[in-house]
Amino acid sequence: MGFTCGIVGLPNVGKSTLFNALTATIAAQAENYPFCTIEPNVGRIAIPDQRLDQIATLAKSEKITPTQIDFADIAGLVRGASKGEGLGNQFLSHIREMDAIAHVVRCFEDENVTHVEGRIDPVDDIETIDTELMLADLESLERRSTALVKKSRGNDKDAIARLVVIEKVIGALREGKPARSIMDQFGDRTILNELQLLTAKPVMYVCNVGEDDSSTGNSYSERVAAHATTEGAVSIVISAAIEAEIAQLTNIEERTEFLNSIGLEQTGLSQIITAGYKLLGLITYLTAGPTESRAWTIAEGTKAPQAAAEIHTDFERGFICAETIAFEDYVNYAGEVGAKEAGKMRQEGRDYIVKDGDIILFRFNV
């Protein structure tokens with residue numbers, strides 16, 4: 001599994017259109033009125049990786065298995081969502097289940113598509129959503145804090161430790177800062193992660209622009225980019241309408257030709273994948289053989305035995321070594337045999353930190 005990403009934003013900003021395009025389905029309605037998405041639509045898509053295709057060809061693999069992303073199209077939030085306005089409570093709970101948030105912001109003008117606030121102001125839209133998420137977190141933490149204070153008076157060490165974390169986050173929220181803004185203050189984030197805070201989720205801002213602005217962006221997307229910079233976040237520019245057109249093209253060459261014709265180097269999906277992996281600190285390692293070539297997603301900094309556990313827990317328990325070839329060497333020497341003969345295969349031990357693109361054969365004994 002790659003990661004789960006919740007697509008959020010105000011109503012009528014292009015969330016469902018983008019979801020449909022990214023998942024190449026028509027599972028989500030894309031209608032011009034608020035709350036047309038009553039349940040979060042979930043689409044699982046394969047992550048395109050040219051490296052996987054290349055090694056599969058060299059290994060003469062019968063099967064190719066890419067890693068995947070789950071996208072959830074979460075209905076539009078409005079002011080007052082933290083208090084239950086517009087089905088808010090239901091949708092806020094869905095966000096808690098996500099690894100990351102793709103916050104779609106309207107950066108286009110179209111008199112035929114109504115804006116819930118009656119004007120186009122992407123930064124204000126961002127602040128509306130952020131405020132609702134912060135209010136929801138604040139209410140949740142204040143409720144927990146009351147119970148923990150009572151326990152801490154009885155010298156409950158666990159309650160005291162939790163209360164310290166919660167009070168720090170409450171302080172930030174009351175200053176109008178999301179929980180992710182103070183993440184660096186916690187050496188151990190175990191308690192913080194257990195709290196499942198909405199504002200602790202990594203966020204990428206997806207600027208939905210008109211077709212004419214898809215390759216250059218516009219003044220609206222520039223404002224979003226500046227806002228993202230101030231909080232150390234990521235912003236990308238996408239035209240949901242163009243992504244919908246790309247989704248109709250099943251031939252890779254046709255897609256490439258279409259992208260080139262409008263001045264784009266990659267699809268919106270590729271941009272979201274890149275941003276998501278960067279936000280979450282993820283990398284991909286590969287396995288290759290005649291039966292199957294496969295991609296595996298792990299956290300950056302993962303050691304070989306824990307990476308092996310992604311395949312099967314027995315691989316970690318009985319770990320002996322990781323026979324490793326860098327992707328470039330695997331390709332340059334035409335596969336495993338050539339890389340071995342050139343001395344490019346390494347036997348790595350328990351302390352080896354897996355690198356992005358490593359091609360690994362785990363040796364284990366149980």
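Thresholds, definitions, all that
Residues numbered from 1 in each chain as written. Predicted model: local features only at pLDDT ≥ 70, side-chain atom pairs only at ≥ 80, totals over all residues. Heavy atoms only, no water. Buried < 20%, exposed > 50% of the residue type's maximum accessible area, 1.4 Å probe, protein only. Helix = DSSP H or I, 4+ residues; strand = E, 2+ residues; numbered from the N terminus. Arc of directions from axis to C-beta. Contact = heavy atoms within 4.5 Å. Axes fitted to C-alpha atoms, helices over the stretch in contact; angles between N-to-C directions. Parallel < 35°, antiparallel > 145°, perpendicular 65-115°, else oblique. Left-handed = near helix turned anticlockwise from the far one by under 90°. Nonpolar A, V, L, I, M, F, W, Y, C, P; charged D, E, K, R; others polar. Pairing = 2+ DSSP bridges.

J.: Even after reading the chapter, I still don't get helix α8 (residues 240-247), so can you show me in this structure?
T.: Residues A240, I242, E243, I246 and A247 constitute the buried set of α8. Angularly, the buried residues of α8 cover 155 degrees about the axis, an arc narrow enough to put them on a single face. Summarising the contacts, the buried residues of α8 are in contact with α1 (15-23), β6 (203-208), β7 (234-238), α9 (252-261) and α10 (268-280).

J.: I'm lost on the packing of helix α4 (residues 122-152) against helix α5 (residues 157-174) in this one. Help?
T.: Think of two packed helices as two axes; the pair is described by the angle between the axes and how far apart they sit. The contact between α4 and α5 brings their axes to 9 Å, and the two run at 150 degrees. Regarding the angle of α4 to α5, the classification is roughly antiparallel. In this structure, α4 crosses over α5, and the sense of that crossing is left-handed. Here M134, D137, L138, L141, E142, R144, S145, L148, V149, K151 and S152 of α4 lie close against α5, whose contacting residues are A159, I160, R162, L163, I166, V169, I170, L173 and R174. Residues belonging to the contact of α4 with α5 are distributed by class as follows: twelve nonpolar, two polar and six charged.

J.: What should I look at first to understand the sheet that holds strand β4 (residues 68-73) in this one?
T.: Through backbone hydrogen bonds, the strands of a sheet pair up, either in parallel or in antiparallel fashion. Read from one edge to the other, the open sheet built from six strands follows the order β2-β4-β1-β5-β6-β7, with strand pairing classed as mixed. Of all strands in the sheet, those bounded by a partner on one side alone are β2 (41-46) and β7. With direction set aside, neighbouring strand axes in the sheet form an average angle of 25 degrees. The pairing of β2 with β4 spans six bridges and is antiparallel. If you follow I45 over to β4, its bridge partner there is I69. In the packing of α4 onto the sheet, the strands contacted are β5 (100-106) and β6, and the crossing angle to β5 comes to about 140 degrees. Sheet contacts for α10: β1 (3-8), β2, β4, β5, β6 and β7; angle to β7, the most-contacted strand, approximately 175 degrees.

Everything listed here is a matter of geometry and, on its own, says nothing about what the molecule does.
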